Amino acid sequence: ALTSAGDGSWLGKMRGATAVRDFLLVPTDDGVSRVTLNGGTLSVAKEFPDAARFVDAHVQLLAGNDGLYVRRKHDIWRIVMQ
């Protein structure tokens, strides 16, 4: 995938992403994006905009057996995505 710096795409926000099985969960200002490999190209397969109230592009996501953890500067939240 190609992108320009600062274009607001998920690719510019990979710093806080976490790998789960065969996909990445990437935090964005619009929620969480699920990124998969499709035909040799990384692309957004699904978006979770409801997570936007807990997630932004500056958090770190961590996968756990009981949900997705969102690490912020001063706290950690566990969210369950359905």
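The structure contained in this document is the topic of the report that follows. (Residues numbered from 1 in each chain as written. Predicted model: local features only at pLDDT ≥ 70, side-chain atom pairs only at ≥ 80, totals over all residues. Heavy atoms only, no water.)

1. Examining the packing of aromatic side chains
So, point 1. The tally for this structure, following the rule as stated, stands at one aromatic pair.
So, point 2. Here phenylalanine 54 and tryptophan 77 contribute two aromatic rings whose centre-to-centre distance is 5.5 Å and whose plane-to-plane angle is 45°, an arrangement assigned as tilted. Taken together, the positions of phenylalanine 54 in the loop between β4 (41-48) and β5 (60-64) and tryptophan 77 in strand β7 (residues 76-79) put the pair 23 residues apart, joining distant regions of the chain.
So, point 3. Here tryptophan 77 falls in the partly exposed class, since its relative accessible area comes to 40%.
So, point 4. Here the guanidinium or amino end of arginine 34 rests over the ring plane of phenylalanine 23, the centre of that ring lying 3.7 Å away. (Phe/Tyr/Trp six-rings, centres within 6.5 Å; stacked < 30°, edge-to-face > 60°. Helix = DSSP H or I, 4+ residues; strand = E, 2+ residues; numbered from the N terminus. Buried < 20%, exposed > 50% of the residue type's maximum accessible area, 1.4 Å probe, protein only. Lys NZ or Arg CZ within 6 Å of the ring centre and 35° of its normal.)

2. Comments concerning the sheet that holds strand β3 (residues 31-38)
So, point 1. Read from one edge to the other, the open sheet built from four strands follows the order β1-β2-β3-β4, with strand pairing classed as antiparallel. Since the sheet does not close on itself, it has two edges, and those belong to β1 (18-20) and β4, each with one partner. Mean inter-strand twist for the sheet, computed between neighbouring axes without regard to direction, equals 35°. (Pairing = 2+ DSSP bridges. Axes fitted to C-alpha atoms, helices over the stretch in contact; angles between N-to-C directions.)

3. Things to note about the sheet that holds strand β6 (residues 67-71)
So, point 1. Spatial strand order, β5-β6-β7: three strands in an open sheet with antiparallel pairing. Edge strands, defined here as strands with exactly one partner in the open sheet, are β5 and β7. In this sheet, neighbouring strand axes are inclined to one another by 25° on average, regardless of whether the strands run parallel or antiparallel.
So, point 2. Examined bridge by bridge, β6 and β7 share four bridges and lie antiparallel to one another.

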